Amino acid sequence: MPGGVSLLMSAGVSRFMPAGLNLLLLPAVLAAPAAQEPAPVVAHARTPEGREILLRLQFRKGLSAEGKALPRAFLAKGADTGGWVPFESLSPEGKRWALAALFPEDQWRQEEVRHTVRHPEVESVWTLAALFTGHGQNYDRLMAENPDLPEKLREGDSWRIPRSLLSADLGGTSRGPDRSQPEDDLDDEARVAAYRGMLSFGEDAQGRFAAYRMRKGEALYSSVVLRYTDRVDPRGVNELAEQIARRSDIANVRGIQPGQLIKIPLAVLADPFQSEGSSELAEERQVRAEVRRTVRVEAGPRLKGVRIVLDAGHGGVDPGARANGIWESDFVYDIAMRVRRLLEQETDAQVSSTIRYPGLGFRSREEIHAPSRAAEILTTPPFAVDGESPSAVNVHLRWVLANDLFAAFRKARGDAQKTLFLSFHADSLHPSARGSMIYVPGASLVPSTFALSGAMPGRVAEAKRSARVAFTGKEKLQGEARSRQFSEALLKALHKDRIPVHANRPIRNVIHRGGGKWVPAVIRYSTGATKALIEVANLTNQDDAANLRDPGFRERYAAAVVNAVRAYYRK
Ligand SMILES: [Zn+2]
């Protein structure tokens, strides 16, 4: 492997390869069935009238009851009795009956339900939260009520669901997930300022720290680690949560009560939260000032004169992250193809893709059954993503190709300010996190010059012309500022269509993992005036995975992206 490429492999690309996956292992990974979902649990239940009805508990999809003989009283108003009736469509009486029939060992007491895990292969904390509390999003709170139990369920474990968490349908007093905080509706700058305002700085025998007091409904890994640091991968988040808990003299991470003082070591704080006088905070303020100064580029609703390059992450031998029976590559490719179609149908923007699945072309699909095995980067000649070259090569060829297209556009007197690069991915974060997160190239992490080296890239025409980039300080700042403005427009469009967005700082300009900080290569080296890497959803979250599987959701997502592009190019 040429030196230049191997260096990039560790610095820029590893995030987009599942941990531990290397090229030699790929054939074995792909040989496994696409969606290894455990078989559903089916139970025979009897209605009070003695009729036998099947109940079915499915991995990720939850509980449903056979509709045909279900008594009226067991159905919610207006519910359809055809086929399998989902748990949510049962009446309070029906829900109570179904849970009792499926989990006969559970104890229903005055102040709590004691749930005994019977089917660990299809039960999960998310599923329990959905069934018993009415919302999967009560995941954190259910975990906090059972601080000594492992998150991965074991047969026989006894989970406590207090009445305060039990859904109203089951006789509880839960008012739904207690996640919304006053700052949630603010734009990115105001929200980060609000988060900053909740910190104070102190010092003890172990050194300086930022102090935070936990609020109601907050958990250490989401409301402290994901919000105040740049760690997002599940392992990094868990390790840091434990480190912060020790620093704060907390014995049990999940038993934390509102009001608890949390000490966050300064070294792990993200730049916007660093102390007054630090160089990190100065850089953050410089970028914010640039965002305010940057005048929006106008193109009109049909996006005339706008050059857009769409990139769908992974593909070919690399399916990307996988969880909950789905995988990254095909699902983000589908969203990118829907964005492509909508832009072509509804606008005059000039649109290109970096990657194409042969046999499928640029079509979108309703059903996605198994990972597509073939993909090619659309260079000249096309570059097959077949594992023959280091995976870093295909990642780099994406920005090389996009930059080459942008260069040709500028040469043909196109407006350099009207170039947009979008890369679509999906995350695998902690399962309690959900929604979209958007990465922009942090100005301080973009190099002044960079040239792709190695023999392989030299074989494509685009690499001969565009494998070299140079950015001035002003260009780096402008790149981050414009990309932040676009990300803001995208968040608004997603909110408007009620598409979930990450609860804590959904716009990021750096990834911190394994001791290193970086920006993904596809946006780090992009010469597009505006660029963003969009993590559309968190695959490990069951609701997010269900969304991605739904073609209607993928279409709505694509429409929101196109609305955001339109809004962005409007003054
Ligand atoms: Zn990815």
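The rules behind these values
Residues numbered from 1 in each chain as written. Predicted model: local features only at pLDDT ≥ 70, side-chain atom pairs only at ≥ 80, totals over all residues. Heavy atoms only, no water. Helix = DSSP H or I, 4+ residues; strand = E, 2+ residues; numbered from the N terminus. Rg over C-alpha atoms; globule rule 2.2 N^0.38 Å. Buried < 20%, exposed > 50% of the residue type's maximum accessible area, 1.4 Å probe, protein only. Contact = heavy atoms within 4.5 Å. Areas by Shrake-Rupley, 256 points an atom, 1.4 Å probe, with all protein chains shown as cover. Lys, Arg positive; Asp, Glu negative; His and termini not counted. Charge placed at Lys NZ, Arg CZ, Asp CG, Glu CD. Domains from an automatic or database assignment. Buried area = accessible area lost by both parts, 1.4 Å probe. Salt bridge = Lys/Arg side-chain N within 4 Å of Asp/Glu carboxyl O. Phe/Tyr/Trp six-rings, centres within 6.5 Å; stacked < 30°, edge-to-face > 60°. Axes fitted to C-alpha atoms, helices over the stretch in contact; angles between N-to-C directions. Parallel < 35°, antiparallel > 145°, perpendicular 65-115°, else oblique. Nonpolar A, V, L, I, M, F, W, Y, C, P; charged D, E, K, R; others polar. Arc of directions from axis to C-beta. Polar contact = N/O pair within 3.5 Å; in protein donor to acceptor, adjacent residues only side chain to side chain. Donors = N, O, S within 2.8 Å, 3.2 Å for Na, K, Ca; no water. pLDDT = per-residue confidence, 0-100. Pairing = 2+ DSSP bridges.

Just give me the short version of the overall build of the protein chain, but keep the residues and values in it.
If you tally the helices and strands in the protein chain, you get 16 helices and 25 strands. Relative to its length of 571 residues, the protein chain is compact, with a C-alpha radius of gyration of 25 Å against a globular reference of 25 Å. Taken across its 571 residues, the protein chain has 56% of its residues classed as buried. Taking contacts inside the protein chain between residues at least 6 apart in sequence as the whole, the part at least 24 apart equals 70%. For the protein chain, the accessible surface area stands at approximately 23500 Å², while carbon and sulfur atoms represent 51% of it. Each charge sign in the protein chain was given a centre, from 79 positive and 68 negative side chains, and these centres are 4 Å apart.

Talk me through the domain arrangement of the protein chain; I want residue IDs and the actual numbers.
On domain assignment, one finds that the protein chain holds domain 1 (41-170), domain 2 (198-269) and domain 3 (289-568). The straight-line distance from the C-alpha centre of domain 1 to that of domain 3 is 40 Å. Contact with domain 1, which involves 9 residues of that partner, is made by 11 residues of domain 3. Summing the contributions of domain 1 and of domain 3, the shared interface buries around 890 Å²; its carbon and sulfur component is 49%. In terms of surface lost to domain 3, no three residues of domain 1 exceed Arg60, Trp126 and Gln137, which account for 65% of the buried area on that side. Linking domain 1 with domain 3 are 0 salt bridges, by the criterion used here.

So what's going on with unusual backbone geometry? Which residues, and what values?
The omega torsion of the bond from Thr380 to Pro381 falls at -10°, within 30 degrees of zero and hence cis. Secondary-structure assignment places Pro381 in the loop between β16 (376-377) and β17 (383-384). Located in the positive-phi region is Arg498, a residue other than glycine, with phi close to 55°. A positive phi angle is found at Arg505, which is not glycine, with a value near 45°. Looking at where Arg505 falls in the secondary structure, it is placed in the loop between α13 (473-496) and β22 (507-508).

If you had to explain the environment of Gly207 to someone new, which residues and values would you point to?
Along the chain, the position of Gly207 falls in strand β9 (residues 207-213). In this structure the C-alpha to C-alpha distance between Gly207 and Pro265, which are 58 residues apart in sequence, comes to 7.9 Å. When sequence neighbours within four positions are dropped, the list of residues in contact with Gly207 reads Gly202 and Arg247.

Hey, could you go over the packing of aromatic side chains for me, with residue numbers and the actual values?
Counted by the stated rule, this structure contains 15 aromatic pairs. With 3.7 Å between their ring centres and 5° between their planes, Tyr333 and Tyr357 make a pair best called stacked. Taken together, the positions of Tyr333 in helix α10 (residues 328-346) and Tyr357 in the loop between β15 (355-356) and β16 put the pair 24 residues apart, joining distant regions of the chain. Residue Tyr333 is classed as buried on the basis of its relative accessible area, which comes to 0%. Considering the side-chain rings of Phe450 and Tyr525, the 4.1 Å spacing of their centres and the 10° angle between planes classify their relative orientation as stacked. Residue Phe450 is found in strand β20 (residues 449-451), and its partner Tyr525 is found in the loop between α14 (521-524) and β25 (530-538); the two are separated by 75 residues along the sequence. The buried category is assigned to Phe450, whose relative accessible area is 14%.

Residue-level account of the packing of helix α15 (residues 542-549) against helix α16 (residues 551-568), with values.
Put simply, α15 and α16 touch, their axes get as near as 5 Å, and they point 85° apart. When the axes of α15 and α16 are compared, the pair comes out roughly perpendicular. On α16, the residues touching Asn547, Leu548 and Arg549 of α15 are Pro551, Phe553 and Arg554. A class-by-class count of the residues in the contact of α15 with α16 yields 3 nonpolar, 1 polar and 2 charged.

Give a description of α15 that names residues and reports values.
Along α15, the positions that sit buried rather than exposed are Gln542, Asp544, Ala545 and Leu548. Seen from one end, α15 has its buried residues packed into an arc of 160°, which puts them on one side. Capping the start of α15, Asn541 holds a side-chain oxygen 2.9 Å from the backbone nitrogen of Asp543, two or three residues further along.

Outline the coordination of the zinc ion, listing residues and values.
By definition of the ideal shapes, four donors in a tetrahedron about a metal sit 109.5 degrees apart, and six donors in an octahedron sit 90 or 180 degrees apart. Protein-derived ligands of the zinc ion are His314 (NE2), Glu328 (OE) and His425 (ND1), with the metal-ligand distances lying across 1.9 to 2.2 Å. Residue His314 is classed as buried on the basis of its relative accessible area of 5%.

Before we move on, could you go through the confidence of the model for the protein chain and cite the residues and values that matter?
Across the protein chain, pLDDT averages 88, with 92% of residues at or above 70. Within the model, pLDDT remains below 50 along residues 1-35, and this stretch shows 65 contacts once partners closer than five positions in the same chain are excluded.

A description of the sheet that holds strand β7 (residues 158-162) should follow, citing residues and the corresponding values.
Pairing is antiparallel across the open sheet formed by 3 strands, whose spatial order is β5-β6-β7. The sheet terminates laterally at β5 (107-108) and β7, the two strands that pair on one side only. Of the strand pairs in this sheet, strand β6 (residues 112-116) and β7 are connected by 5 bridges, and their pairing is antiparallel. Counterpart to Glu112 in the pairing with β7 is Pro162.

How would you sum up the pairing of strand β11 (residues 307-312)? Please name residues and give values.
By the criterion of burial, β11 is predominantly enclosed, with 6 of the 6 residues buried. Where burial is concerned, the two faces of β11 agree: the one with Arg307, Val309 and Asp311 and the one with Ile308, Leu310 and Ala312 are both buried. The pairing of β11 with strand β14 (residues 350-353) spans 4 bridges and is parallel. By the bridge assignment for β14, Arg307 is matched with Gln350. Two strands pair when backbone bridges link them, and β11 and strand β18 (residues 419-427) are joined in this way by 6 bridges, in the parallel orientation. Bridge pairing in β18 links Asp311 to Ser423.

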